[in-house]
Amino acid sequence: MNLASQAIVTASQMQAIETLIFQAGMPVASLMEKVALKITQRLTELYPPEPYKRIGILAGSGHNGGDALVVARELHHQGRQVKIYQPFTKSKPLTRVHGCYAQSLGIPFVALADLGDCDLLVDGLFGFGLDRDVIGDGAIAIDTINSWQIPVLSIDLPSGIHSDRGNAMGTAIRATHTLCLGLWKRGLLSEAASPYIGNLERIGFDIPEKSIQEILGDRHPLWRIDPLEVISDRLPIARSAIAHKYDIGHLLLVVGSERYGGAAILAALGAKATGVGMLSIAVPHSLKPLMLAQVPDALVIGCTETPSGAIASLPDLDWQKYQAIACGCGLSLDAGQIVEQLINSEQPLLLDADGLNMLAAMGKVRINQQLPNRNSATVLTPHWGEFCRLFPDLREVERLAALQIAVSQTQSTILLKGARTAIASPSDTMPRSNFPADSQVWINPESTAALARGGSGDVLAGMIGGLLAQGMTAKDAAIVATLWHSQTARWLVRQRTEMGVDPVTLAQNLLPFLQDYPSKIVKT
Ligand SMILES: NC(=O)C1=CN([C@@H]2O[C@H](COP(=O)(O)OP(=O)(O)OC[C@H]3O[C@@H](n4cnc5c(N)ncnc54)[C@H](OP(=O)(O)O)[C@@H]3O)[C@@H](O)[C@H]2O)[C@@H](O)CC1
Ligand SMILES: Nc1ncnc2c1ncn2[C@@H]1O[C@H](COP(=O)(O)OP(=O)(O)O)[C@@H](O)[C@H]1O
Ligand SMILES: [K+]
């Protein structure tokens, strides 16, 4: 694993790593110079002199401001028209000397309003040193800039965003582009920060692995999923030349009701896209003709129905036939005691949607007794509302911390859906009885609000089921499916806009996306 490109850190961890680098002999000024030159280089690629001639620099009092002032100097030497606005009178020493030098070069220091005619703004007001709400001139600068239609490139973090939590501290810059420096800051990959960060990239500055390792240790809890690496390593799934359909996994979907028939179809389409060898679908009896018409390759099992058209009970099935079971999409709350029955099976089990709501109805004591005692993997795929129904006492706990606690209580892989889907799994390395509260959490860094649409989650559940049935571990199936789902959606947005990524189109494009996919990963 590449520590620098995947670890997500807090401000204090980042500071501790920097301190090691400085103690080892790297001068602070040299590091600032190196970082700022890299920012300038990337800025030049993203925003070339034509049409971005006039550039406004916002420089704060700390080293984020220092970085911005070095960028100002370099852009001045490129021949761009640079202006600097500094809202604060005091500065850290290194920031102050860069300010003096910029002044000596004749770069004008101007009032905020004078930046209004710029083609691009560089935001170096606050980085990870922000520790209190932004008020006064800082807040006025941020709100004014947000009211202009000028692209903003933020250095390290959009100023005003809390480096660890990702919330706006009073107010925050809405950046067009954020260049995160060194290691990924925790706040940047939070749901709260997503409306502020624009396109997010990391600029590495050759932090020695041993310094990262020394501070983060072996049990670092927070990681960024790398879209390119994961997809290229895991998809498409290779199959042997002499494969038999039963070698490629048999998935049982337990889905659908009269009320929510479509969810059953969407889950089936998601599962089909994984190439699973055999697909069985248990639905209420009256949905059988519909399912056969939509998914002729599936074995459709008609189940007895409740008066409202939900599955009343499952027929006697030979569970051993299935390599995985996925239950819940469109099930409705009227379904019988199916979830209890499936928990007692020995198969890898995914619960989604009403499968989760039925699990929640079992109550905390039984959930925490039964799930950890299952003989194979359990995957829960709640969005935050479902998560809170399942774990009501974690409602007030911060999202990622709550996820880790829920994983340790249930010994299940939990995929917490949202704009920044987070996946956590029981530790691979520790014996179950010794499982620590701090499981690893993996964050999907790139998605699209085009997925905020009824039915996208059903496709995802089917995909995870299909991958589980083919022998992927619960953690890998959750990570691979999440990436594949969100990257396909991002690719479709380019062709069809955010309005055009309906779940059927999404499911139908999962496989076309894999064809030559590196070129299809939408660069941010
Ligand atoms: N070390 C290095 O060489 C490297 C550093 N790097 C860069 O440095 C950045 C971190 O620098 P930093 O620690 O100086 O903090 P930064 O975010 O610039 O400034 C905060 C300053 O503002 C102040 N302040 C805080 N809150 C405030 C508020 N609400 N309203 C008003 N003022 C407030 C607070 O000072 P105070 O007023 O508390 O004395 C503090 O000094 C980092 O994000 C990255 O860009 C990287 O390039 C890697 C190499
Ligand atoms: N704003 C958003 N940005 C990115 N992804 C999103 C957003 N909103 C929802 N999603 C994704 O879309 C899917 C929605 O799933 P879910 O909430 O279960 O919907 P449904 O039950 O209607 O299918 C999840 O994969 C989720 O991560
Ligand atoms: K900034």
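These numbers come from a predicted model, not from an experiment. Each chain carries its own residue numbering, running from 1 in the direction its sequence is written. Written order decides the labels, with chains lettered from A and ligands numbered from 1. A pLDDT threshold of at least 70 governs which residues receive local features in this predicted model, and a stricter bar of 80 or more applies before side-chain atom pairs are shown or counted, although totals over entire chains, interfaces and linings include all residues. Note that water and hydrogens are dropped before the side-chain values are worked out from all heavy atoms of the structure.

Peer 1: Any chance you could explain the site of ligand 1 here in plain terms?
Peer 2: His63, Asn64, Lys92, Gly127 and Asp156 are the nearest of the 25 residues found near ligand 1. In the environment of ligand 1, an oxygen atom lies 2.8 Å from a nitrogen or oxygen atom belonging to the side chain of Asp67. Here a polar contact means two N or O atoms within 3.5 Å. Within protein one must be a hydrogen donor candidate and the other an acceptor candidate, and residues neighboring in sequence count only if both atoms are side-chain atoms. In this structure, Gly129 approaches ligand 1 through a main-chain N or O atom, which is 2.9 Å from an oxygen atom. Protein contacts shield 87% of the accessible area of ligand 1, which totals 920 Å² for the unbound molecule. Going through the elements one at a time, α2 (11-23), α3 (28-46) and α4 (63-77) are the ones with two or more residues in the shell around ligand 1. Each residue is assigned to one class: nonpolar for Ala, Val, Leu, Ile, Met, Phe, Trp, Tyr, Cys and Pro, charged for Asp, Glu, Lys and Arg, and polar for all the others, Gly among them. Grouping the amino acids of the shell around ligand 1 by side-chain chemistry returns 11 nonpolar, six polar and eight charged. A molecule or strand has a residue near it when one of that residue's heavy atoms lies within 4 Å. Note on areas: Shrake-Rupley with a 1.4 Å probe; residue coverage comes only from the protein chains shown. Segments assigned H or I by DSSP are reported as helices when at least four residues long, segments assigned E as strands when at least two residues long, and all are numbered from the N terminus.

Peer 1: Teacher, can you tell me more about the packing of aromatic side chains here?
Peer 2: The relative placement of two aromatic rings is captured by the distance of their centres and the angle of their planes. The aromatic pairing rule takes the rings of Phe, Tyr and Trp, using the six-membered ring of Trp, and pairs them if the centres are within 6.5 Å, calling planes under 30 degrees apart stacked, those over 60 edge-to-face and the rest tilted. The full count for this structure, using the stated rule, is seven aromatic pairs. Here Tyr47 and Tyr52 contribute two aromatic rings whose centre-to-centre distance is 4.9 Å and whose plane-to-plane angle is 90°, an arrangement assigned as edge-to-face. Plain terms: the ring middles of Phe88 and Phe126 are 5.7 Å apart, the flat faces sit at 45° to each other, and that makes the pair tilted. Here Phe88, found in the loop between β3 (81-85) and α5 (93-104), pairs with Phe126, found in the loop between β4 (120-124) and α6 (136-147); they are 38 residues apart in sequence, far enough to count as distant. Only protein chains enter the accessibility calculation, which uses a 1.4 Å probe. A residue is then buried if its area is under 20% of the maximum for its type, exposed if over 50%, and partly exposed in between. What makes Phe126 buried here is its relative accessible area of 15%. Through successive ring pairs, a cluster of aromatic residues spans Trp384, Phe387 and Phe391. A positively charged side chain is recorded as over a ring if its NZ (Lys) or CZ (Arg) lies within 6 Å of the ring centre. The angle to the ring normal must also be within 35 degrees. One cation-aromatic arrangement involves Arg174 over Tyr196; the distance from NZ or CZ to the ring centre is 4.6 Å.

Peer 1: What is the right way to read the sheet that holds strand β2 (residues 54-59) from this model?
Peer 2: Within a sheet, each strand pairs with its neighbour through backbone hydrogen bonds, oriented either parallel or antiparallel. Spatially, six strands are ordered β3-β2-β4-β5-β6-β8 in an open sheet, and the strand pairing comes out parallel. With one partner strand each, in any of the chains shown, β3 and β8 (199-203) form the two edges of the open sheet. Averaged over all neighbouring strand pairs, the angle between strand axes comes to 20°, with direction disregarded. In this scheme, strands are said to pair when DSSP sees at least two bridges between them. By the bridge criterion, five bridges tie β2 to β3 in an arrangement that is parallel. When the bridges of β3 are listed, Leu58 appears paired with Tyr85. Axes, fitted as lines to C-alpha atoms, cover a helix only where it is in contact. Angles between the N-to-C directions of the axes lie from 0 to 180 degrees.

Peer 1: Any chance you could explain the site of ligand 2 here in plain terms?
Peer 2: Around ligand 2, 18 residues are found, and the nearest of them are Lys417, Gly418, Thr448, Gly455 and Gly457. In this structure, an oxygen atom belonging to ligand 2 sits 2.6 Å away from a main-chain N or O atom of Gly457. In isolation ligand 2 has 570 Å² of accessible area, and contact with the protein removes 78% of it. For the shell around ligand 2, the element with the highest residue contribution is helix α17 (residues 456-469), accounting for four residues. For the shell around ligand 2, the per-class residue count stands at five nonpolar, 10 polar and three charged.

These figures come from the coordinates and say nothing about function on their own.
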